[in-house]
Amino acid sequence: MMKRRDFLRAGCALPLATCKLWGNDASSSQDSGTPVGVTSRELLITDVKMVEPQPEHPLPTYQPAPGAWSSSDVEVANPMSIYPKYKARRSLFMAEDFGPTAVQITTDKGVTGLGYGGPGTAYVVERHLKKLLLGENPFDIERLWDVMWRSTIYYGRKGLVVNAISGVDNALWDLVGKALQQPVYQLLGGATKDRIPGYCTGNDLEQHVEFGFKKLKLAIPHGPADGRAGMRKNIELVRRARDLLGPDGEIMLDCWMAFTERYTLEFAEMLEPYRVYWMEECLQPDNYAGMGRLNSAIRSTRMATGEHEYTRYGFRLLLDHGAADIWQPDMNWCGGLTELRRIAALATTADIPVILHGGWRGGAAHFILAATNSPWCEMFMPPPGGPPEVYERYEEELGITRGPEGIYMRPLDSPGLGPVPSFSRAWR
């Protein structure tokens, strides 16, 4: 017979408003597992602010090995590549600083939540969303999402406004998980897999293969502005990855909105001998018709997109145009975990896998672990050249194991979305 304590711990099986809360400070009862006796209906939001989270145990900084791709000002094909002034690296045209992207929500009982949004989060949260949240019950996640969405339609719907909604929404999920002393994946219905196969993004290929990855996503350096010579260089990069992985490893390509339809068709034809698993974001995100034409014409690989798409309404357009075989929403940008669940539900109606952009970031792996149609997790590695502690902590904090598919990860079983990782700040 289930004991009362076990019943309360299974909070994901109940409406959130019916569950007891559990303390989350160092002196609380979280270690003993004793309920603090506060019902969710008594919990109120008292503050919403932007923060710069710091890991509990920071790692020493280090200078990456010379030539390390993931920390260098390297060229990556992008929509601005047609302008020589901005072609050499993204930092030449991207915004300098939109402020912090992490939202912290505090309650009257001391339970807090931390969630990440995207660029512009700070301005929208501080100038608008905060006043809508103060005094509200953080367990009312669905209603609060709808309030934020409806109140910002007149100037939002995409971009930095949805980035801000994402940060708040993710902070609410983290808060509820901490209140119930449950990892968020349990609130979503529990794990659907024991561990998550990971793929590594970036062009430090030798490091990634040596570490154990058998799935690599390459950042394509050249686009139409570089002509056929650039296309041949792209092919050489793919050839190098295939040589390192052997015939059974998986190769994906990140084209970051840089291509034209014609360029994509020609490039896909040249790639056929290398068995590429997908080509990602070949066109700019609003070109739904063009992506649909490419997805219909190209049979040698899968077409993927969605990193720069927002809410279920944007993904419905992808579905209507048959624009992609794989959807890639970002939990920090697409509307947060609440909206991500709706996007994933829509994807199931067409048997479309949801493979998140930035799946290792901001607790997004909790969604992947709980979703039946989210098979892989995107990962980045700390650049080569660091002390062993950096890579040991990386493995520990991402729950990394190894097996037939190479590298696997799993979110930690700590309450909420998990602690602030230290490895992301290990280099400069």
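Residues numbered from 1 in each chain as written. Predicted model: local features only at pLDDT ≥ 70, side-chain atom pairs only at ≥ 80, totals over all residues. Heavy atoms only, no water.

Peer 1: What am I meant to see in empty space enclosed by the protein here?
Peer 2: One water molecule sets the probe size; rolling that probe over the atoms shows where empty space is left. Tallied over the full model, the rule gives 3 cavities of 30 Å³ or more. Of the volumes computed, that of the largest cavity is approximately 70 Å³. Looking at the lining of the largest cavity, the elements with two or more residues in it are strand E7 (276-280), helix H9 (288-297) and strand E8 (302-305). With 3 residues, the top contributor of residues to the lining of the largest cavity is E8. Residues of the lining of the largest cavity, tallied by class, amount to 9 nonpolar, 1 polar and 2 charged. Reported here for the second largest cavity is a volume of approximately 50 Å³. What lines the second largest cavity is Ala268, Leu271, Glu272, Arg275, Val276, Met279, Ser300 and Thr301. Put simply, the parts of the chain that give the lining of the second largest cavity at least two residues each are helix H8 (261-271) and E7. Considered class by class, the residues forming the lining of the second largest cavity number 4 nonpolar, 2 polar and 2 charged. (1 Å grid on protein atoms, 1.4 Å probe; cavity = no way out; pocket = protein on both sides within 12 Å on 5 of 7 lines; lining within 4 Å. Points joined across faces, edges and corners; volume = space filled by probe spheres on them. Helix = DSSP H or I, 4+ residues; strand = E, 2+ residues; numbered from the N terminus. Nonpolar A, V, L, I, M, F, W, Y, C, P; charged D, E, K, R; others polar.)

Peer 1: Explain the sheet that holds strand E3 (residues 112-116) here, please?
Peer 2: Ordered in space as E1-E2-E3, the 3 strands form an open sheet in which the pairing is antiparallel. With partners counted over all chains shown, the strands left at the sheet margins are strand E1 (45-51) and E3, one partner each. Neighbour-to-neighbour, the strand axes of the sheet open up by a mean angle of 20 degrees, direction not taken into account. Against the sheet, helix H2 (residues 121-133) engages E1 and strand E2 (102-107), with an angle of about 180 degrees to E1. Across the sheet, helix H4 (residues 160-179) touches E1, E2 and E3, and the angle it forms with E3 is around 145 degrees. (Pairing = 2+ DSSP bridges. Axes fitted to C-alpha atoms, helices over the stretch in contact; angles between N-to-C directions. Contact = heavy atoms within 4.5 Å.)

Peer 1: Mind showing me how you'd approach the pattern of salt bridges here?
Peer 2: Side-chain pairs of opposite charge can arise where the charged atoms are in close proximity. As enumerated under the stated definition, the model contains 26 salt bridges in all. The salt bridge partner of Glu236 is Arg239, with a shortest N-O separation of 2.8 Å. Taken together, the positions of Glu236 and Arg239, both in helix H7 (residues 227-245) and 3 residues apart, correspond to about one turn of that helix. Residue class for Glu236 comes out partly exposed when judged on its relative accessible area of 42%. Each of Glu142, Arg312, Glu339 and Arg342 takes part in one network of salt bridges that share partners. (Salt bridge = Lys/Arg side-chain N within 4 Å of Asp/Glu carboxyl O. Buried < 20%, exposed > 50% of the residue type's maximum accessible area, 1.4 Å probe, protein only.)

Peer 1: Can you help me understand the pairing of E3 in this one?
Peer 2: It is a general feature of regular strands that their side chains alternate between the two faces of the sheet. Looking at chain direction, E2 and E3 are connected through 5 bridges and run antiparallel. From the neighbouring strand, Val103 faces E3, where its bridge partner is Gly115. Hairpin connection between E2 and E3: a loop of 4 residues separates the two successive antiparallel strands, and Gly110 in this loop has a positive phi of roughly 85 degrees.

Peer 1: It is not clear to me how the nonpolar core should be interpreted in this structure. Could you clarify?
Peer 2: Core analysis: the biggest nonpolar cluster contains 108 residues, and Leu253, Phe267, Met279 and Met379 have the highest contact counts within it. At 11 residues, the largest contribution of residues to this core is made by H4. If we ignore the near neighbours within four places in the chain, the residues touching Leu253 are Lys217, Leu218, Ile220, Val238, Phe267, Leu271, Val276, Trp278, Met279 and Glu280. Tyr277, Ala304, Ile326 and Ile355 belong to the second-largest nonpolar core, a separate cluster that totals 8 residues. (Core = buried A, V, L, I, M, F, W, Y, C linked by side-chain atoms within 4.5 Å.)

Peer 1: Is there a simple way to think about the packing of aromatic side chains in this case?
Peer 2: Between two aromatic rings, the relevant description is the distance of the centres plus the angle of the planes. The tally for this structure, following the rule as stated, stands at 15 aromatic pairs. Of the aromatic side chains, those joined through ring pairs into one cluster are Tyr199, Tyr277, Trp278 and Trp376. One residue, Arg195, lies across the ring of Tyr408, its end atom 3.7 Å from the ring centre. Between Lys215 and the ring centre of Trp376, over which it is positioned, the NZ or CZ distance is 5.1 Å. (Phe/Tyr/Trp six-rings, centres within 6.5 Å; stacked < 30°, edge-to-face > 60°. Lys NZ or Arg CZ within 6 Å of the ring centre and 35° of its normal.)

Purely geometric numbers; function is a separate question.
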